[in-house]
Amino acid sequence: SRPSASLMKAKARDIADAYAALVQRIGEVVPGARLLLTTVCDPSDGTGQVPGVLDDDATFPLEHVVAFNDALRRVAAATPNAVVADAHAALSLIHI
């Protein structure tokens with residue numbers, strides 16, 4: 001069985017919060033460090049379908065990727081010397 005939507009949302013938020021805490025801690029331990037924060041790519045190319053992972057009618061929860069990437073951008077904006085490497089945007093432009 002799959003986790004509920006509310007559990008997935010809570011866990012995605014927990015991961016984003018832990019990521020923010022990690023970035024903050026790195027900034028405390030290594031002041032002035034240049035941080036490159038990379039967004040998470042969408043493995044489904046926007047379709048929600050991930051062959052080999054979700055072979056049934058289930059869809060990949062894209063809203064959690066979007067929420068994490070938004071949180072990452074906020075962390076980067078609030079962190080001195082942090083920049084975003086937007087892999088999600090860059091790889092969304094590639095269609096093989």
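Quick look at the structure, then. Quick caveat, the model's predicted, so the values are computed rather than measured. (Residues numbered from 1 in each chain as written. Predicted model: local features only at pLDDT ≥ 70, side-chain atom pairs only at ≥ 80, totals over all residues. Heavy atoms only, no water.)

Brief notes about the overall build of the protein chain
Regarding its fold elements, the protein chain presents three helices and two strands. For the protein chain, the succession of helices and strands along the chain, N to C, is α-β-α-β-α. C-alpha extents for the protein chain along the principal axes are approximately 50 × 35 × 20 Å. Counting over 96 residues, the protein chain shows a buried share of 24%. Roughly 6,500 Å² of accessible area belongs to the protein chain as shown, and the carbon and sulfur atoms make up 62% of that amount. Looking at the protein chain, you have 8 positive and 11 negative side-chain charges, and the mean spots of the two groups are 10 Å apart. (Helix = DSSP H or I, 4+ residues; strand = E, 2+ residues; numbered from the N terminus. Buried < 20%, exposed > 50% of the residue type's maximum accessible area, 1.4 Å probe, protein only. Areas by Shrake-Rupley, 256 points an atom, 1.4 Å probe, with all protein chains shown as cover. Lys, Arg positive; Asp, Glu negative; His and termini not counted. Charge placed at Lys NZ, Arg CZ, Asp CG, Glu CD.)

Re the side chain of Thr39
By secondary structure assignment, the location of Thr39 is in the loop between β1 (35-38) and α2 (62-78). At 3.0 Å, the side chain of Thr39 forms a polar contact with the side chain of Asp86. For Thr39, the side chain forms a polar contact with the main-chain nitrogen of Ala87, separated by 2.9 Å. Setting aside its immediate chain neighbours within four residues, Thr39 contacts Asn69, Leu72, Arg73, Val84, Ala85, Asp86, Ala87 and His88. (Polar contact = N/O pair within 3.5 Å; in protein donor to acceptor, adjacent residues only side chain to side chain. Contact = heavy atoms within 4.5 Å.)

What to know about the side chain of His64
Structurally, His64 can be placed in helix α2. A relative accessible area of 14% places His64 in the buried class. Contact partners of His64, with chain neighbours within four places excluded, come to Met8, Lys9 and Ala12.

Details of a nonpolar patch on the surface
On the surface, Leu22, Ile26, Val29 and Val30 cluster together into a nonpolar patch covering about 320 Å² of accessible area. One can find Ile26 in helix α1 (residues 5-29). The exposure class of Ile26 is partly exposed, given its relative accessible area of 31%. (Patch = residues over 30% accessible without salt bridge, like charges linked within 9 Å, V, L, I, M, F, W, Y side chains within 5 Å. Salt bridge = Lys/Arg side-chain N within 4 Å of Asp/Glu carboxyl O.)

Considering unusual backbone geometry
Even without a glycine there, the phi angle at Asn81 is positive, about 70 degrees. Among the secondary structure elements, Asn81 is positioned in the loop between α2 and β2 (82-85). Overall, the relative accessible area of 35% leaves Asn81 in the partly exposed class.

Description of α2
Between its first and last C-alpha atoms α2 spans 25 Å; for 17 residues at 1.5 Å apiece the expected length is 24 Å, and the two agree. Buried within α2 are the following residues: His64, Val65, Phe68, Asn69, Ala71, Leu72, Val75 and Ala76. Buried residues of α2 fall within an arc of 160 degrees about the axis and therefore sit on the same side. Among the exposed residues of α2, those oriented more than 90 degrees off its buried face are Glu63, Arg74, Ala77 and Ala78. Summarising the contacts, the buried residues of α2 are in contact with α1, β1, β2 and α3 (87-92). (Expected span 1.5 Å × (residues − 1). Arc of directions from axis to C-beta.)

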